[in-house]
Each structure stands twice: as C-alpha cells, then as structure tokens.
Amino acid sequence: MTDLIQEKATHKRLTRVQVMARTIGIFVGAVLTAVGLEIFLVPNKVIDGGIVGVSIMLSHVTGISLGLFIFILNIPFFYLGYKQIGKTFAFSTLFGITALSIFTALFHPVPAFTDDILLATVFGGMAVGVGVGLVIRYGGALDGTEILAILITKKTPFSVGEIIMFFNIFILGAAGFVFSWDRAMYSILAYVIAFKSIDVVVEGLEESKSAWIISDQYQEIGDAILHRLGRGVTYLEGEGAFSGDNKKVIFCVITRLEEAKLKDIVQGYDNSAFLALADISEVRGGRFKKRDIH
C-alpha cells in the first residue's frame, strides 16, 4: 500500500492543459530551431554545437538528409534519458527531435534568407537559441550531448557546462576541416549567440533578484520596501556567529530595475547595513506580484 502511494506521488500525471502547453511549446521550439538551421546556418556552411553540429557535417559530407542524421544520432540519448531522467522528459525529447527532423527536411528546399554570412550567423544563432530554450523550458531537449553530460558529471568532477564545452570544442573545431576555418569561427559565434539566447528564454527577460538585509533598523527598512517599492518582505531570525547577537534578517525579491531604489532605501535608514543581492532565474507563487505604491 505504501509503495502504491509513493508511486502515485512520484508519477503524478500532467493535466490536459499542461500537456497541451508542453506540446505547443516544444513544437514551436523545434520549428524555430529548424528555421535557424536550414534557412540561415546550413546554407551558409555554419554549424551549431552538439549532435546537431555533427549531423550538419555528416549531411554535408554524405549528401544524406540532415533531419535523418539528427534523428538517428539522438536515439541512443533518448534511451539514456528514458532510463536516467524520466519517461516524461524522454517522450518530450523524442517529440521535439522528431519535429526538428521533419521540419529540417521540409525547410531544406527553401532558399536562404540571406547570403551575408554575419547576418546568417547572428539570426540563425538567435533562432536556434530561442527554439532550444523553448524546448528546455517545456521539459524536453533537442540535443543528446546535454543528456550525456548530465550522466558523465555524476562520475567526474566536471560540471555539465564544462563537459558540453569540451565536446563542442572538438565539434566546432572539426568544422574547420569539413568547411573552412573562417566558417569554424562563424560557427563559434553562432554557438555563443545561441547559448545566450537559450539563457534569455529559459530564465526570462525580467530577471529577478533576491535581497538579504541585516540592520538594527529592520522595521523601518521593511516598511519602506513595502510602501515605497510595493514589494513584500519576510523577517527571518538570525544569530551572529562572532558576536552571538540575535538579528532580524530582511528577505525580499525585486526586479533588477528596482535594485537602485532598494539600495537608496537601505542606505537612507542605515548606512552600515549589510545588503546582499543575488540573481534569481524564476519566481513562482507567494506574493511576488507588485503592490500599488503611492
């Protein structure tokens, strides 16, 4: 009975709305990635990193469809994702890779939007980054190297990002031999643009920050944040390790546009107050919604 309850808690089914949102998000992400590849990067002999980059080079050398290579080379990683990460992730990934493979084949006859190599690199990298970011945001993946990196990092001292970068150094470097060295350099630029675009999509445009404030004037500062910024605050109990004094710690979440005003508020009440700010990629629930201020 206990095992049955635990299994139900672990494998909670998604609602129809969640499934629809996930399906649409992954589908749109796969289509955008296909646009970035087949209409910008591939016609101009610029590659992306990971399995997609390997697929582009193999397609160029053999003349076989890019979509076919993307699908076949990612099958082992789909199996690894199913075994190690979960069924929902694996099937979301399979759906995304299948859609990407189909649309790269459909877009292949479409002529490139531009022959300008720099424009193709910038806009192709952005399209790929936004597409991949959407797929990641909705619980899938379009490239097996991320899955492989997750598994390798469990047995090595390297981070996921370091392992992916290690793979991509060889993949992007190989573009110099398959195409030319200037195309390899443009490929690195496209990869960097795509990487930053993924961050924007996954983390959001309106980046939030957490603020931790320690001050004897905590009540005044808390009230000012509440009324002048319209942000809720939480008072936490703290104890100084050196002094042993009990302290009130103010915790709140703000947007980056409110950072300067928060600093002015804290400095206005206590010039020696401790203030620590950190980036937050996502905020959900609670009372983060901004209150009206007067």
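See above for the structure.
An account of the accompanying structure is given in this report. In this text the structure is predicted, and so the values were computed from the model without any measurement.

Turning our eyes to something else, we now look at the sheet that holds strand 1 (residues 208–214). The strand order 2-3-1-4 describes an open sheet built from four strands, whose pairing is antiparallel. Bordering the open sheet on either side are strand 2 (234–239) and strand 4 (274–280), each of which pairs with just one other strand. Each adjacent strand pair in this sheet contributes to an overall mean axis angle of 25°, direction not counted. Pairing of strand 1 with strand 4, which is carried by seven bridges, proceeds in the antiparallel orientation. If you follow A211 over to strand 4, its bridge partner there is L277. Lying on the sheet, helix 11 (residues 259–269) is in contact with strand 1, strand 3 (246–255) and strand 4; it crosses strand 4 at an angle near 165°.

On to the side chain of N44, then. Looking at where N44 falls in the secondary structure, it is placed in the loop between helix 2 (16–41) and helix 3 (50–62). With a relative accessible area of 7%, N44 lands in the buried category. A polar contact is formed between the side chain of N44 and the backbone oxygen of F40, at a distance of 2.8 Å. Not counting residues within four places of it along the chain, the set of residues in contact with N44 comprises A112, T114, D115, I117, A120 and R183.

Moving on, we come to the environment of L229. Within the secondary structure, L229 is located in helix 10 (residues 218–229). Considered as a pair, L229 and I265 are 36 residues apart in the sequence and their alpha carbons are 9.3 Å apart.

A few words now on the layout of surface pockets. Considered as a void within the structure, the second largest pocket measures approximately 460 Å³ in volume. Around the second largest pocket sit 24 residues that line it, and V132, E146, Y191, F195 and I198 are the ones nearest its centre. Among the secondary structure elements, those contributing two or more residues to the lining of the second largest pocket are helix 2, helix 3, helix 6 (117–137), helix 7 (144–153), helix 8 (160–178) and helix 9 (181–203). If you tally residues by element for the lining of the second largest pocket, the top one is helix 9, at seven residues. Looking at the lining of the second largest pocket residue by residue, the classes come out as 13 nonpolar, six polar and five charged.

Here the focus is the pairing of strand 1. Counting buried positions along strand 1 gives five out of seven residues, so the element sits mostly inside the fold. Where strand 1 meets strand 3, seven bridges bridge the pair, whose relative direction is antiparallel. Residue pairing in the sheet places A211 in a bridge with C252 of strand 3.

Let's shift gears to the packing of helix 3 against helix 4 (residues 66–84). Packing of helix 3 against helix 4 leaves a shortest axis separation of 8 Å and a crossing angle of 135°. Of the possible angle classes, the one that applies to helix 3 and helix 4 is oblique. The way helix 3 lies across helix 4 gives a crossing that is right-handed. From helix 3, I51, V52, V54, S55, I56, L58, S59 and T62 reach across to helix 4, where they touch L66, F69, I70, L73, N74 and F77. When grouped by side-chain class, the residues that make up the contact of helix 3 with helix 4 number ten nonpolar, four polar and no charged.

It is worth spelling out helix 6 at this point. Its 21 residues give helix 6 an end-to-end C-alpha distance of 29 Å, which sits within 8% of 30 Å, the value for a rise of 1.5 Å per residue. Between the side-chain oxygen at the start of helix 6 and the backbone nitrogen of L118 there is a gap of 3.0 Å, and the oxygen is on D116. Following helix 6 by one or two positions, G139 has its phi on the positive side, about 90°.

About the thresholds
Every chain's residues receive numbers from 1 upward, in the order its sequence appears when written. Only residues with pLDDT of at least 70 are given local features in this predicted model, and only at 80 or more are side-chain atom pairs given and counted; all residues enter the totals for whole chains, interfaces and linings. Only hydrogens and water are removed before side-chain values are computed, so all heavy atoms of the structure are retained for them. Two strands form a pair only when DSSP identifies at least two bridges running between them. The helix count covers DSSP runs of H or I at least four residues long, the strand count covers runs of E at least two residues long, and both are numbered beginning at the N terminus. Here an angle of 0 to 180 degrees is reported between the N-to-C directions of two axes, which are lines fitted to C-alpha atoms, with helices fitted over the stretch in contact. Should any heavy atoms of two residues lie within 4.5 Å, those residues are considered in contact. Between buried and exposed lies partly exposed: a residue is buried under 20% and exposed over 50% of the maximum accessible area for its type, with that area taken using a 1.4 Å probe on protein chains only. Throughout this description, a polar contact denotes any pair of N or O atoms lying within 3.5 Å of each other; where both atoms belong to protein, one of them has to be capable of donating a hydrogen while the other can accept it, and for residues adjacent in sequence the pair is counted only when both atoms sit in side chains. Here a cavity denotes grid points, spaced 1 Å and computed from the protein atoms alone, that fit a 1.4 Å probe unable to get out, and a pocket denotes an open set having protein on both sides within 12 Å along at least 5 of 7 lines; residues with an atom within 4 Å of a point are the lining. Grid points are joined across faces, edges and corners, and a volume is the space filled by probe spheres set on the points. All residues other than Ala, Val, Leu, Ile, Met, Phe, Trp, Tyr, Cys, Pro, Asp, Glu, Lys and Arg, Gly among them, are scored as polar; the first ten of these are nonpolar and the last four charged. Roughly parallel means an angle under 35 degrees; roughly antiparallel means over 145; roughly perpendicular covers 65 to 115; every other angle is labelled oblique. The sense of a crossing depends on the near helix, which, turned anticlockwise from the far helix by less than a right angle, makes the crossing left-handed and, turned clockwise, makes it right-handed. Expected span of a helix, by definition, is 1.5 Å for each gap between consecutive residues, and there is one gap fewer than residues.

Any functional reading would require information beyond the geometric quantities listed.
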